[in-house]
Amino acid sequence: MEITLLTIGKTSTAYIQTGIDEYCKRLKRYIQFSIKCLPDVRNARSLSEQQQKEAEGNQILGEVGPSDRVVLLDERGDMPTSRGFAEFIQKGMLSGRKRLVFVVGGPYGFSQEVYARADSKISFSRMTFSHEMIRLFFTEQVYRAMTILKGEPYHHD
């Protein structure tokens, strides 16, 4: 199985990208993992919030295959513990699907079409984080999940 993190826009903060790169490198030992950054919507300032969400949603849906399990990183999602997240990933790995796609939306969230396509939603916190920070937190948590599933000593309860 492959895990993909699908995002809108690039990570431009160097220290955050360094952290993401480090966890991506570590993840190669465990699972096929990739990050796909979709371009920011053009002329976003001239669009309404709804139009921007719809334009981003079209990009997101264009990257998702019919057999992919789609998980939105959304503030209204379930908030698992690190062990619970590891179990979630393990279930995804055992599901027979080829790809588990986690999605970080744009600044206004997701369009209704993306919510309709999603299989589930996960929240890392009730607090709001920048889209760049959540990418780093996510890659670290996937790495943590892999070490939990392998019984390695990275995670401490």
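Residues numbered from 1 in each chain as written. Predicted model: local features only at pLDDT ≥ 70, side-chain atom pairs only at ≥ 80, totals over all residues. Heavy atoms only, no water.

Draft legend 1. Summary view of the pairing of strand S2 (residues 32-38). Where strand S1 (residues 2-8) lies against S2, 7 bridges are found, and the strand directions are parallel. Following the sheet pairing, threonine 7 is matched in S2 by cysteine 37. As a crossover connection, the stretch from S1 through helix H1 (residues 14-27) into S2 is right-handed. (Pairing = 2+ DSSP bridges. Helix = DSSP H or I, 4+ residues; strand = E, 2+ residues; numbered from the N terminus. Right-handed = clockwise from strand over helix to strand, strands pointing away.)

Draft legend 2. Highlighting the nonpolar core. Counting 28 residues, the largest nonpolar core has Ile3, Phe33, Phe85, Phe102, Phe138 and Val142 as its most contacted members. Elements with a minimum of two residues in this core: S1, H1, strand S3 (69-78), helix H3 (82-94), strand S4 (99-104) and helix H5 (131-149). In terms of residues, this core owes the most to one element, H5, which gives 8 residues. Residues contacting phenylalanine 102, with those up to four places away along its chain left out, are Ile3, Thr4, Leu5, Leu6, Val71, Leu73, Phe85, Phe88, Ile122 and Phe138. Residues Ile8, Leu72, Phe110 and Val114 belong to the second largest nonpolar core, which totals 12 residues. (Core = buried A, V, L, I, M, F, W, Y, C linked by side-chain atoms within 4.5 Å. Buried < 20%, exposed > 50% of the residue type's maximum accessible area, 1.4 Å probe, protein only. Contact = heavy atoms within 4.5 Å.)

Draft legend 3. View of H5. If you check H5, its first and last C-alpha atoms are 27 Å apart, about what 19 residues at 1.5 Å a residue would give, namely 27 Å. Downstream of H5 by one or two residues, glycine 151 has phi in the positive range, about 70°. (Expected span 1.5 Å × (residues − 1).)

Draft legend 4. Summary view of a nonpolar patch on the surface. A cluster of nonpolar side chains, Met93, Leu94 and Leu149, forms an exposed patch at the surface whose accessible area comes to about 280 Å². Position of leucine 94 relative to the elements: it lies in helix H3. (Patch = residues over 30% accessible without salt bridge, like charges linked within 9 Å, V, L, I, M, F, W, Y side chains within 5 Å. Areas by Shrake-Rupley, 256 points an atom, 1.4 Å probe, with all protein chains shown as cover. Salt bridge = Lys/Arg side-chain N within 4 Å of Asp/Glu carboxyl O.)

Draft legend 5. Structural view of the packing of aromatic side chains. Using the criterion set out here, one finds 12 aromatic pairs in the structure. Among the aromatic residues, those joined into a cluster by ring pairs are Phe33, Phe85, Phe88, Phe102, Phe124 and Phe138. Arginine 26 extends its terminal NZ or CZ atom over the ring of tyrosine 143, reaching a point 5.2 Å from the ring centre. (Phe/Tyr/Trp six-rings, centres within 6.5 Å; stacked < 30°, edge-to-face > 60°. Lys NZ or Arg CZ within 6 Å of the ring centre and 35° of its normal.)

Draft legend 6. Expanded view of the packing of H1 against H5. Between H1 and H5, the least distance of the axes is 9 Å, while the angle of their chain directions is 20°. Here H1 is positioned roughly parallel relative to H5, judged by the angle of their axes. When the axes of H1 and H5 are compared, the crossing they make is left-handed. For the pair formed by H1 and H5, the contact residues are Ile16, Gly19, Ile20, Tyr23, Cys24, Arg26 and Leu27 on the first element and Glu132, Met133, Arg135, Leu136, Thr139, Glu140, Val142, Tyr143 and Met146 on the second. (Axes fitted to C-alpha atoms, helices over the stretch in contact; angles between N-to-C directions. Parallel < 35°, antiparallel > 145°, perpendicular 65-115°, else oblique. Left-handed = near helix turned anticlockwise from the far one by under 90°.)

Draft legend 7. Summary view of the environment of aspartate 157. Positionally, aspartate 157 belongs in the segment after H5. Sequence separation between aspartate 157 and methionine 1 is 156 residues; the distance between their C-alpha atoms is 27 Å. Within the structure, aspartate 157 has its side chain in polar contact with the side chain of arginine 83 (distance 2.8 Å). A polar side-chain atom of aspartate 157 sits 3.0 Å from a polar atom in the side chain of histidine 155. (Polar contact = N/O pair within 3.5 Å; in protein donor to acceptor, adjacent residues only side chain to side chain.)

Function cannot be inferred from these measures alone, as they are strictly geometric.
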